[in-house]
Amino acid sequence: MISRKQLHDLAIFGGTPAFDERLHVGRPHVGDRDRLLARINDLIDRCWLTNNGPYVQEFERTVAGMVGVKHCIAMCNGTVALEILIRATVVTGEVIVPSFTFIATAHALQWQEITPVFCDVNPWTHTIDPRSVVAMMTPRTTGIIGVHLWGRGCDVEALTGIAQEHNLPLLFDAAHAFGCSHNGRMIGSFGTAEVFSFHATKFFNTFEGGAVVTNDDALAAKIRLMKNFGFAGYDNVAYIGTNGKMSEICAAMGLTGLESLDESIAINYRNYKEYQHELADVPGVHLLAYDERERCNYQYVVVEIDETVTGISRDKVMDILWSENVLARRYFYPGCHRMEPYRSYFPHAGLLLPETERLAARVLVLPTGTAVSSSEIRTICAIMRLATVRGGEITERLAHGSGQLVGAS
Ligand SMILES: Cc1ncc(COP(=O)(O)O)c(C=O)c1O
């Protein structure tokens, strides 16, 4: 292993990169290849490739059972699942969402000309702050979307109270939270309905995919129509709809992945503990902790870099990691409110979102999953330790032009 003890050991100052191959955040987990190929052969033999085939039906039953809800409606991706759910429940007005989330949460509203009103997040949990939700309410508010960021449940209890008091639908973007619980109950079973993403970069994937899960019979029936052009039977269109269907090959991937879910959680957990151990005493580097009493997929290894302690910014730490072939990522930088079209609509939104602004400048997500080994994690942490403990010196050297930035930031 290449040691990382002196500044000249760092690749950014001319050392050899620690890794020959790039390490990514969110490398897809593929389950048992033979089982997947057997299912693909089956679906080809059946010649039933999409349109509510047997694998999609089995996948929906299995997910609903795991989550403990009456209905799972599988879809082509999480964004379309969000759009359809929003259309089925809200239709117009303003919906309160955190800005510290993936842009799809906001776009799913704006796409249908519903205004996302951005609220702030709790600095400790990074999830939607109920006090900020109340502060952002107007007579035009028609709903609330909480995001279970990093797979950690929002303050569901406070949000439920607010939604009930104002008679608003409460939806959850649970894209990160498949396989996770909140207060001992599986995420997916809260609010009016929740949405999962099964995108390839998620902890569990169906190549592309998503689902709405709910206990509401009437809502589930409506969403089933809407994701299939509104067809209620041959030649009978009963509702406005779109094409949100999951295909059989995606469901085959999902059913195969579900069989090794526990294994991938175990690997993510091992990685998380390794990072926790290695970074525990690094000043100014704070690893987001998961509540180990809950079920969790441990898919996101999230650190906050406190530049006032380290003397080096998150972005420069990221540049250093990239030059070592560690493709750590800033998430959800710079915040939805600083992306178009929202930046133009609400140019001063940042003034009301101090925690979002702070986190967007500090958060770094590190590689994990089946593609990363314990010894690789130790090397990544050694680089981070050197980069942050000697952060002031490095910042100065980089400011004077020494070092080869690789364009991560
Ligand atoms: C928080 C969040 N919401 C929504 C989505 C959209 O899901 P998809 O990529 O399946 O459309 C994602 C991820 O991609 C996400 O991270």
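Refer to the structure printed above.
What you see is a predicted model, and the numbers here were worked out from it, not measured in a lab.

Rules used in this analysis
- Along each chain, numbering runs from 1 in the same order as the chain's sequence is written.
- Reporting in this predicted model follows two pLDDT cut-offs: at least 70 for local features of residues, and 80 or more for side-chain atom pairs to be given and counted; totals over whole chains, interfaces and linings ignore these cut-offs and use all residues.
- With hydrogens and water set aside, each side-chain value is computed from the structure's full complement of heavy atoms.
- What makes a nonpolar core is a set of buried Ala, Val, Leu, Ile, Met, Phe, Trp, Tyr and Cys residues whose side-chain atoms join them at distances within 4.5 Å.
- Buried, partly exposed and exposed residues are distinguished by accessible area as a fraction of the type maximum, computed with a 1.4 Å probe on protein chains only: under 20%, between the cut-offs, and over 50%, respectively.
- Here a helix means four or more residues in a row that DSSP labels H or I, a strand means two or more in a row labelled E, and each is numbered from the N terminus.

## Some points on the nonpolar core
Thinking step 1. By size, the foremost hydrophobic cluster in this structure holds 101 residues, and its most contacted members are F59, I144, W150, F178, L321 and L366.
Thinking step 2. Of all the elements, helix α14 (residues 374–389) adds the most residues to this core, at seven residues.
Thinking step 3. Listed in part, the 31 residues of the second largest apolar core include V80, I103, A108 and L109.

## Here's the deal with unusual backbone geometry
Thinking step 1. Note the cis peptide between Y333 and P334, where omega equals 0 degrees.
Thinking step 2. Tracing the chain through its elements places P334 in the loop between β15 (326–327) and α12 (342–345).
Thinking step 3. The residue after E340, namely P341, is reached through a cis peptide bond having omega 5 degrees.
Thinking step 4. Inspection of the secondary structure assignment puts P341 in the loop between β15 and α12.
Thinking step 5. Even without being glycine, C47 reaches a positive phi, approximately 60 degrees.
Thinking step 6. Along the chain, C47 turns up in the loop between α1 (33–46) and α2 (54–67).
Thinking step 7. Classification of C47 as exposed rests on a relative accessible area of 66%.
Thinking step 8. Of note in this structure, H126 is not a glycine but carries a positive phi near 70 degrees.

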